Amino acid sequence: MSWDTVIGLEIHVQLATKTKIFSGASTAYGAEPNTQACAIDLAMPGTLPVLNKQAVNYAIMFGLAIDAEIGQVSAFERKNYFYPDLPKGYQTTQLEKPIVGRGNVEIQLADGSTKNVRIHHAHLEEDAGKSLHEGNFNSSFSGIDLNRAGTPLIEIVSEPDMTSAEEAIAFAKKIHSIVTSIGICDGEMSQGSMRFDVNVSVKPSGSDTLGTRTETKNLNSFKFMEEAIKREVARQIDVIEDGGTIAQETRLYNGETKVARSMRSKEEANDYRYFPCPDLLPVVVSDEQIEELRRNMPELPDARQARFVEQYGLSEYDAGILSSDAAMANYFEAVSSACKNAKLATNWTMGELSARLNNEDLSIANSPVSAEQLAGLIVRIADNSISGKMAKEVFEAIWAGEGSADQIIEARGLKQVSDSGALEQMVVDVLAANQAMVDDYINTDEAKRKKKLGGFMGQIMKASKGQANPQQVNQILAQKLNELL
Amino acid sequence: MSIERSEIEKLATLSRIAINEETISEVAQRLGSVLELVDQLQAVNTDGVEAMSHPMQATQRLREDEVTELNRREALQAIAPETEDGLFLVPKVIE
Amino acid sequence: MHNLTIAELVKGLQSKEFTSVELTQHFLDRIANLDPAYNAVITVTTEQALQAAAAADQRLADGNAPDLCGVPILHKDIFCTDGVRTSCGSKMLDNFIPPYNATVVENFEKAGAVVLGKTNMDEFAMGSSNETSFYGAVKNPWATDSVPGGSSGGSAAAVAARLAPGATATDTGGSIRQPAALCGISGIKPTYGRVSRWGMIAFASSLDQGGPMARTAEDCALLLNCMASYDDKDSTCIDREVPDYTANLNRSVKGLRIGVPKEYFSEGLHPGTEEAVRAALAKLQEQGAELVEISLPNSALSVPAYYVIAPAEASANLSRFDGARYGYRCENPKDLEDMYCRSRAEGFGEEVQRRILIGTYCLSAGYYDAYYGKSQQVRQLIQQDFVSAFENVDLIMGPTCPSPAFKFGAKGDDPVAMYLEDIYTIATNLAGLPGMSIPCGMVEGKPVGLQIIGNYFDEAGILNAAHQYQQASDWHTQAPEGIA
């Protein structure tokens, strides 16, 4: 029996505004609990919401980026339920008239093919606070921090157009790329700037009837999302093949423990009783406002990818990777323009730097090696001041905070010797000091001589404490040996 | 008009108000009479009439994205039932 | 001093006939001596009042006194007052001391008024008799076995008993006008969006409006000048210049077209009330106004529509009262659900609980269209009735209440009997129009009110007509027995 998978995503994107969606409290990350929760955020009696202009602008920009209909008259509803992280006892959100309507997102898959994923709509809403279940308090309590309550979100709802975990991840990454490129979200997954709810169902291949779907909520990494989807698909197939039925339920996936479970079915018992929020008036957006936002739109990932190919001569593949994350793209461009060497900039950004950042779970925004510093290193590689091998050492040193490439090269005396005169002397000296090796070389079959070069190289590099420019040495060595033949 | 007991229990849960066993039927009866009142609405034809959520024809004012509220945690938490380390404490949800 | 109007008090303070401290002490004494009989005041802010009075006297002496400098007032306990308990008539907020002021409170502070305290009210503004307050019922100074009306029963009774020359109040379905009528005083509910709702604890957000209560239309105008303001903290507040509401009080009513809705003079209207109201209309006619019979055909739907919309909005507005961050929390909650369910069951009174349940019901899946959706459509129809009427008339007048003050417990167990008290006032809130009640007669020793409804933002027109009527009548000068 073969199965089709049907996946839809709801993505919550925290907008990078300075203040909350309905109050003038700060949204800065990492503040002490409840120091960024004003009376409005605490739902104190008599407080009222006023809508943040920038949140509206950011939502419209997202709509423009995905070629969507913009809801020029949108409205807010109250979604009613009780939870300690929801101080008003309702979430202010949009239902009937969202600010962004139908749109499209094109995704690229590993095999080079593209696919269109339809967006059903995107709407503005407020984020909830946080519950801490452990702390400096009795274990029968939870501690509530409302700093996050009221942070503006857009919730992006896709159609169930994805048919595999791969497609879902590609879609999620594309959204990440778009929102960071246009600057409406900082994309810091570890800080909860983007969260995913995945709706998954399966059906027999070719069948037109959709299966019952489950929703796995609150995933905040691409890796966990992929795992969760694969597990859920496998689980659903198992259940059905065993003769059971899928219960429509909400699930949680714990990426650390790799355990997925059903949430208490109170979700089903919840009737949210949506109704128009009487404290907020209809939000009207004019054609002029939309046009102005469109005029000032930052570059979109697809456009940037094309530009990278053209401007820097990158391959589609490389351009794709570098342009996918706004921070990485900006970094790359900064490096490139500082060192004027797109190829090396590409290699180093995508290679050594990315590997190291991944290893230590750092985002490029927190890279210990700045774009300037990396550019400085590349300049010295390109002008042969240091060898490729040395370059790695210098990179490590920059990472460790020892300064710029030049400072390190100076401090450690790593400057590659490229002066042909000096090198020639070195080669001559080594040959003179290793007569036995020279004789051996001359007496070896021509075909096998190449292997012997390594020995000379080793000696020369040792003598030069690794600072001899190997390419030049090779040339000079070959030349000198030839003369002896 | 009478409302089912189970309906009252559902409403009580949705609105998180504990209702005593003894008073449920009284509550049901009173609610029933209010619903009889509001059922009068069904008699009128409202085809094609737009729903009014706001009496005035005004649109939402937009606020500049600048921080205007500074940290007032102490004042705002002075009246809280229980706090610790700046957190509001509530009994745990029993999962 | 307590029989002087605010207008007279302002003059008296400015001409140094008396000081604000004297005035304030006088009213504080009256509250201490007389209020036990009426229970109109929940919190008396003695120290703050005397301090404010002293500061006011200084400003009066310096000659830079703002409009209401030194005038004592009371605030309905629904307006948040920084550092002073604001209970909303509820056990839920019995311990709530807000760390911020309502805009209305700020406005009066800037105007130099002296706050004597906070008045009693129906719990969370839900009621028409002030019988639902956690702090006990308020008694009507005209007949202490009868209700003062609600929800602003405390403010109305306090003004009627001359415990203060003026008080703030709020009106969602008639809660300024109806108690004003039953207590023989003047009160006006402005156009929706005229007065800021910031810090005014919400009952039904699209219906609530704050307004003044005093003994004369002129005094109401003075107070409204202060209460009305554009506030950018309230998204529903309308940005429109506040005129001087006293400027046109003396305009003649000659040629004024007064609409008299036939639906407001039907079955259920007490004959004594009808007589008094018709006499008042006749008086206005004598003064040159023209009476025009009009129809507001969808009037009968206003009570059912209101009793869907108001509870629905309230059910959401009151969800924040959960024992988590402020207000009442039950003792020893077992877990989170227990905290919610018991705090709310113990903190809210019966009427509030009932309205939350109704509101929840009307918004529930399966019922939304039939109740909430339908009511919002009916609201449109009701507004249209008024808009049509105002094409032909300048003001609309009729009785404020179907009968004079009823006795405590008279509405018995049936909530609907109580709801019908608001039958003439509710439509104004649904449409967002301004409306006022002024005294126009007495029936068996209890006051009767004349309701004046105006077009959007025509508070000045309403106050003008009211003032003109009060120049030719003296119902508004009468005082209940025993309050001398």
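Residues numbered from 1 in each chain as written. Chains lettered and ligands numbered in written order. Predicted model: local features only at pLDDT ≥ 70, side-chain atom pairs only at ≥ 80, totals over all residues. Heavy atoms only, no water.

Notes on the overall build of chain C
- From N to C terminus, chain C includes 15 helices and 11 strands.
- Relative to the compact-globule value of 23 Å for 484 residues, chain C shows a C-alpha radius of gyration of 21 Å, a close match.
- For chain C, the spread of C-alpha atoms along the principal axes amounts to about 65 × 55 × 45 Å.
- For chain C, the proportion of its 484 residues judged to be buried stands at 69%. (Helix = DSSP H or I, 4+ residues; strand = E, 2+ residues; numbered from the N terminus. Rg over C-alpha atoms; globule rule 2.2 N^0.38 Å. Buried < 20%, exposed > 50% of the residue type's maximum accessible area, 1.4 Å probe, protein only.)

So, the overall build of chain A
- Each helix and strand counted, chain A has 17 helices and 16 strands in total.
- Projected onto its principal axes, the C-alpha positions of chain A cover 95 × 55 × 55 Å.
- By the burial criterion, 54% of the 485 residues in chain A qualify as buried.
- Sequence-distant contacts in chain A: of pairs separated by 6 or more residues, those separated by 24 or more amount to 68%.
- Considering chain A, the positive charge centre built from 48 side chains and the negative charge centre built from 67 side chains are found 3 Å apart. (Contact = heavy atoms within 4.5 Å. Lys, Arg positive; Asp, Glu negative; His and termini not counted. Charge placed at Lys NZ, Arg CZ, Asp CG, Glu CD.)

What about the sheet that holds strand β6 (residues 103-108) of chain A?
Residues and elements named next belong to chain A.
- With mixed pairing, the eight strands of this open sheet are ordered in space as β6-β7-β10-β1-β11-β12-β13-β14. The two strands at the open ends of the sheet, each matched to only one other strand, are β6 and β14 (259-262). Each strand axis lies, on average, 30° off the axis of its neighbour in the sheet, ignoring direction.
- Pairing geometry for strand β1 (residues 3-14) and strand β10 (residues 152-158), over five bridges, is antiparallel. When the sheet's bridge partners are listed, Q14 is paired in β10 with L153. (Pairing = 2+ DSSP bridges. Axes fitted to C-alpha atoms, helices over the stretch in contact; angles between N-to-C directions.)

Comments concerning the pairing of β1 of chain A
Residue and element names in this part refer to chain A.
- Extensive coverage of β1 is indicated by the burial of 11 of its 12 residues.
- Strand direction decides the pairing type here: β1 and strand β11 (residues 194-204), joined by 11 bridges, are antiparallel. Paired with T5 across the two strands is V202, which belongs to β11.

Topic: the domain arrangement of chain A
- When cut into domains, chain A gives domain 1 (3-290), domain 2 (302-412) and domain 3 (420-484).
- The straight-line distance from the C-alpha centre of domain 2 of chain A to that of domain 3 of chain A is 34 Å. (Domains from an automatic or database assignment.)

Side note on the interface of chain C and chain B
- Each partner contributes residues to the interface: chain C has 63 residues there, and chain B has 49 residues.
- Regarding the contact of chain C and chain B, the summed buried area is about 5100 Å², with carbon and sulfur atoms giving 68% of it.
- R30 of chain B is the salt-bridge partner of E350 of chain C, the closest N and O atoms lying 2.6 Å from each other.
- Looking at the side of chain C that touches chain B, the elements that each hand over two or more residues are α9 (302-317), α10 (336-347), α11 (350-363), α12 (369-389), α13 (415-419) and α14 (426-431) of chain C.
- Among the elements that line the side of chain C that touches chain B, the one with the most residues is α12 of chain C, at 11 residues. (Buried area = accessible area lost by both parts, 1.4 Å probe. Salt bridge = Lys/Arg side-chain N within 4 Å of Asp/Glu carboxyl O.)

A word on helix α1 (residues 5-14) of chain B
All names here are of chain B.
- What α1 keeps buried is the set E7, I8, L11, A12 and L14. One side of α1 holds all its buried residues, which, seen down the axis, span an arc of 165°.
- Among the residues trailing α1, R16 stands out with phi positive, at a value near 50°. (Arc of directions from axis to C-beta.)

A word on a negative patch on the surface
- On the surface, E32 of chain A together with E82, E84 and D85 of chain B cluster together into a patch of negative charge.
- Looking at where D85 of chain B falls in the secondary structure, it is placed in the loop between β2 (83-84) and β3 (87-91). (Patch = residues over 30% accessible without salt bridge, like charges linked within 9 Å, V, L, I, M, F, W, Y side chains within 5 Å. Areas by Shrake-Rupley, 256 points an atom, 1.4 Å probe, with all protein chains shown as cover.)

As for the sheet that holds strand β4 (residues 77-80) of chain A
All names here are of chain A.
- Strands sit in the order β5-β4-β15 across an open sheet of three strands; the sheet is antiparallel. Looking at strand neighbours, the two that pair on one side only are β5 (90-93) and β15 (275-276), the edges of this open sheet.
- Pairing of β4 with β5 involves four bridges; the strand directions are antiparallel. Bridging across to β5, R78 finds its partner in T92.

Overview of the packing of aromatic side chains
- In this structure the tally under the stated criterion is 27 aromatic pairs over all chains.
- Ring plane angle 85° and centroid distance 5.5 Å describe the contact between F308 of chain A and Y312 of chain A, whose orientation is recorded as edge-to-face. Within this pair, F308 of chain A and its partner Y312 of chain A are both found in helix α6 (residues 301-312), separated by four residues, close to a single helical turn.
- Following the ring pairs from residue to residue traces out a cluster consisting of F96, F124, F321, Y326 and F348 of chain C.
- A cation sits over an aromatic face here: K79 of chain A above Y272 of chain A, 4.4 Å from the ring centre.
- Residue placement shows R449 of chain A over the ring face of Y441 of chain A; its charged tip is 5.7 Å from the ring centre. (Phe/Tyr/Trp six-rings, centres within 6.5 Å; stacked < 30°, edge-to-face > 60°. Lys NZ or Arg CZ within 6 Å of the ring centre and 35° of its normal.)

Notes on empty space enclosed by the protein
- Throughout the structure, instances matching the rule amount to seven cavities of 30 Å³ or more.
- Put simply, the largest cavity is a space of about 200 Å³.
- Among the elements that make up the lining of the largest cavity, the one with the highest residue count is β5 of chain A (three residues).
- Among the residues making up the lining of the largest cavity, the classes are represented as 11 nonpolar, four polar and six charged.
- Each pocket or cavity is described by its volume, and for the second largest cavity that value is around 80 Å³.
- In terms of lining residues, the second largest cavity is bounded by P45, G46, T47, L48 and D279 of chain A together with R197, M200, I201, A202, N317, R320 and F321 of chain C.
- Of the residues that constitute the lining of the second largest cavity, the class distribution is six nonpolar, three polar and three charged. (1 Å grid on protein atoms, 1.4 Å probe; cavity = no way out; pocket = protein on both sides within 12 Å on 5 of 7 lines; lining within 4 Å. Points joined across faces, edges and corners; volume = space filled by probe spheres on them. Nonpolar A, V, L, I, M, F, W, Y, C, P; charged D, E, K, R; others polar.)

Some points on the layout of surface pockets
Residue and element names in this part refer to chain C.
- Roughly 770 Å³ of volume is contained in the second largest pocket.
- Looking at the lining of the second largest pocket, the element that brings in the most residues is α12, giving five residues.
- Split into classes, the residues belonging to the lining of the second largest pocket amount to 18 nonpolar, nine polar and four charged.

Here we look at the interface of chain A and chain B
- If you look at the interface, chain A gives 52 residues, while chain B gives 35 residues.
- Overall, the association of chain A and chain B removes approximately 3900 Å² of surface from exposure, summing both partners, and the carbon and sulfur fraction of that is 59%.
- Our count for the contact surface shared by chain A and chain B stands at two salt bridges.
- For the salt bridge of K53 of chain A with E64 of chain B, the shortest nitrogen-to-oxygen distance reads 2.8 Å.
- Where the side of chain A that touches chain B is concerned, the elements lending two or more residues are β2 (51-52), α1 (53-65), β9 (141-145) and β16 (283-284) of chain A.
- Examining the composition of the side of chain A that touches chain B, we find that five residues originate from one element, β9 of chain A, more than from any other.
- Its residues assigned to classes, the side of chain A that touches chain B comprises 29 nonpolar, 15 polar and eight charged.
- In terms of strand pairing, β2 of chain A meets strand β1 (residues 62-63) of chain B through two bridges, oriented parallel. When the sheet's bridge partners are listed, N52 of chain A is paired in β1 of chain B with R63 of chain B.

Comments concerning the nonpolar core
- Of all hydrophobic cores here, the largest spans 194 residues; its most connected members are L68, F124, F386, L450 and L463 of chain C.
- For this core, the leading source of residues is α9 of chain C, giving 10 residues.
- Counting 68 residues, the second largest nonpolar core, distinct from the first, contains V56, F171, I182 and L219 of chain A. (Core = buried A, V, L, I, M, F, W, Y, C linked by side-chain atoms within 4.5 Å.)

A word on the packing of α9 of chain C against α11 of chain C
Residues and elements named next belong to chain C.
- Remark: α9 packs on α11, axes separated minimally by 7 Å, with the N-to-C direction vectors making an angle of 100°. In terms of their interaxial angle, α9 and α11 are classed as roughly perpendicular. Between α9, through Y307, V308, P311, A312 and S315, and α11, the contact on the second element is made entirely by R355, I356, I358, G359, T360, C362 and L363.
- Looking at the contact of α9 with α11 residue by residue, the class counts come to eight nonpolar, three polar and one charged. (Parallel < 35°, antiparallel > 145°, perpendicular 65-115°, else oblique.)

Overview of the side chain of E313 of chain C
- Secondary-structure assignment places E313 of chain C in helix α9.
- Among buried Asp, Glu, Lys and Arg side chains, E313 of chain C stands out as unpaired, with R379 of chain C the closest opposite charge at 4.4 Å.
- In contact with E313 of chain C, other than residues within four places in its own chain, are R78, F275 and P278 of chain A together with F203, A204, S205, S206, L207, Y372 and R379 of chain C.

Details of the pattern of salt bridges
- Counted according to the given criterion, the structure contains 55 salt bridges over all chains.
- Notably, a salt bridge pairs R356 of chain A with E360 of chain A, separated by 2.3 Å at the nearest N-O pair.
- In this structure R356 of chain A comes out as buried when scored by relative accessible area, which is 17%.
- Close ionic contact of R61 of chain B with D232 of chain C constitutes a salt bridge, the shortest N to O distance being 3.9 Å. Placement of the pair is R61 of chain B in the loop between α2 (24-38) and β1 and D232 of chain C in the loop between α7 (217-227) and β7 (257-261), with the two residues belonging to separate chains.

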